[in-house]
There are 2 protein chains.
Amino acid sequence: MKLKIASKILDANERIAQDNKRVFSSMGVYVINLMSSPGAGKTSLLEMTINELDGRLKAGVIEGDITGTDDAARINALGIPVVQINTGSACHLDANMINEVLGDLPLNDLDIVFIENVGNLVCPAEFNVGEDIKTMVLSLPEGDDKPLKYPLMFQESDVLIINKIDLKPFLGVSIEKIKSDALSLNPSIRIFEVSCKTGEGIDEWAKWLHSTLKA
Amino acid sequence: MKLKIASKILDANERIAQDNKRVFSSMGVYVINLMSSPGAGKTSLLEMTINELDGRLKAGVIEGDITGTDDAARINALGIPVVQINTGSACHLDANMINEVLGDLPLNDLDIVFIENVGNLVCPAEFNVGEDIKTMVLSLPEGDDKPLKYPLMFQESDVLIINKIDLKPFLGVSIEKIKSDALSLNPSIRIFEVSCKTGEGIDEWAKWLHSTLKA
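Read on for a plain summary of the structure. (Residues numbered from 1 in each chain as written. Chains lettered and ligands numbered in written order. Predicted model: local features only at pLDDT ≥ 70, side-chain atom pairs only at ≥ 80, totals over all residues. Heavy atoms only, no water.)

With respect to empty space enclosed by the protein
Taken as a whole and judged by the stated rule, the model has one cavity of 30 Å³ or more. As a volume, the largest cavity reaches approximately 60 Å³. Lining the largest cavity are 13 residues, with A:Ser139, A:Pro141, A:Glu142, B:Ser139 and B:Glu142 positioned closest to its centre. A per-class count over the lining of the largest cavity returns five nonpolar, four polar and four charged. (1 Å grid on protein atoms, 1.4 Å probe; cavity = no way out; pocket = protein on both sides within 12 Å on 5 of 7 lines; lining within 4 Å. Points joined across faces, edges and corners; volume = space filled by probe spheres on them. Nonpolar A, V, L, I, M, F, W, Y, C, P; charged D, E, K, R; others polar.)

Quick notes on the relation of the copies chain B and chain A
Overlay of chain B on chain A (RMSD 0.0 Å): rotation 180°, translation along the axis 0.0 Å. What the superposition gives is, in effect, a two-fold axis relating one chain to the other. When you check the interface residues of chain B against chain A, 100% turn up at the interface there too, and the contact is symmetric in its surfaces. (Least-squares fit on C-alpha atoms with pLDDT ≥ 70 in both. Contact = heavy atoms within 4.5 Å.)

Quick word on the pairing of strand β4 (residues 112-116) of chain A
Strand residues, when the strand is regular, have side chains that alternate between the two faces of the sheet. All names here are of chain A. The buried fraction of β4 is high, at five of five residues. On β4, burial covers both faces: Ile-112, Phe-114 and Glu-116 on one face and Val-113 and Ile-115 on the other are all buried. In this structure, strand β1 (residues 30-36) lies alongside β4, joined through five bridges in parallel fashion. Opposite Ile-32, over in β4, you have Phe-114 as the bridge partner. (Buried < 20%, exposed > 50% of the residue type's maximum accessible area, 1.4 Å probe, protein only. Helix = DSSP H or I, 4+ residues; strand = E, 2+ residues; numbered from the N terminus. Pairing = 2+ DSSP bridges.)

Let's talk about the sheet that holds strand β6 (residues 159-163) of chain B
Residue and element names in this part refer to chain B. With parallel pairing, the seven strands of this open sheet are ordered in space as β3-β2-β4-β1-β5-β6-β7. A single partner strand is all that each edge strand has here, and the edge strands are β3 (82-86) and β7 (190-193). Shown here is a sheet whose adjacent strand axes are inclined to one another by a mean of 20°, direction ignored. Sheet analysis places strand β1 (residues 30-36) next to strand β5 (residues 133-139), joined by five bridges and oriented parallel. Across the sheet, Met-35 pairs through a bridge with Met-136, a residue of β5. The sheet strands contacting helix α2 (residues 42-53) are β1, β2 (59-65), β4 (112-116), β5 and β6, and the helix crosses β4 at an angle near 170°. Those strands touched by helix α7 (residues 175-185) are β5, β6 and β7, and its axis lies near 165° from that of β6. (Axes fitted to C-alpha atoms, helices over the stretch in contact; angles between N-to-C directions.)

Regarding the packing of aromatic side chains
All told, the structure shown has seven aromatic pairs over all chains when counted by the stated rule. Pairing B:Phe192 with B:Trp205 gives two aromatic rings, centres 5.8 Å apart and planes at 65°, and the pair type is edge-to-face. A residue pair is termed long-range when its members are at least 10 positions apart, and B:Phe192 in strand β7 and B:Trp205 in helix α8 (residues 202-214) qualify at 13 residues. Linked through ring pairs, A:Phe192, A:Trp205 and A:Trp208 together constitute an aromatic cluster. (Phe/Tyr/Trp six-rings, centres within 6.5 Å; stacked < 30°, edge-to-face > 60°.)

Written as structure tokens, this is what we have:
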């Protein structure tokens, strides 16, 4: 009984996600669903990426949070169109939440929309929202055991961004283990190593993004 | 319709949580529901705490993970009774999952059981499992904006353990902001600052735990 309901919810979600994707696509907007644990650095990555892309791609952002507008304020400070969704108690964004804010962004003027999901390494991976790709952030302090403990997120993501690599000297964490375990779960996942504090690696990620959109 | 089902699930969960609590209580076992984001250091905290309590309190552990037995293996290596629950796709432990493993721990011989929840700063806070207290871990690299972004977890927790304080010199994070925001959400929350790497602060937390159980 419970399973039947869950499957209906996921079916409905998938239908709305496809609707969203058609809208984005018809406007020529590329969409990235950005996911991670709380505090892995999604908003910092957006700030760095948007600055790096400045003048090359016009970006907009949809911010998903349980409550509050802190992250939207950070993006707004960059002069970028941003919409904040508060999910209340929901631990992930779903396609319907995105559908309801489609009119709140100037999609006609944008090349790319980043959807920053609620900080959670589990449920967001189950809900498509109409994105072209899923990108996950794993921060180094979270540890190198995360791919095998939260496999669905790594399996569903097209891109893995390993953040906070500036902290590597102070942690007993193996980037190689993260990469090899992620690749064993998902051989086609593309991996970038960055520090949103020092800026290391951001150029490479932004260059890849730029070339992907132009392709 | 959706809301009605959710409330029924939470009602059923609460009933089973009370059953669990009666069982634990009748065996003289104190129970801690341990929650955090992925990689905040729950298992490391358990390792340090169990070592610190050695000879004073007899501990057992219930490990909750989406998949795998890594954490249970780490606890098992300490010679402590441990049961691993794999939740599959569920992003939190519920009371029924705990109920099903009650017979797998030698409760009669134990003083304290730690229930390590799935790494998630959202949903675990909604589900009582039969614990005496909820303890959350926030690691410093997650940032000082977490109390206001994930308020329910801070409101529901009796204890907040701020972990990875050894990384403070390398992070632009204010411990004072974490503490004041947590206290504004939950004035009675008890806060400890620890490093599971250097061991700093573990004695104070263990001493508090010991005195709480003996009270």
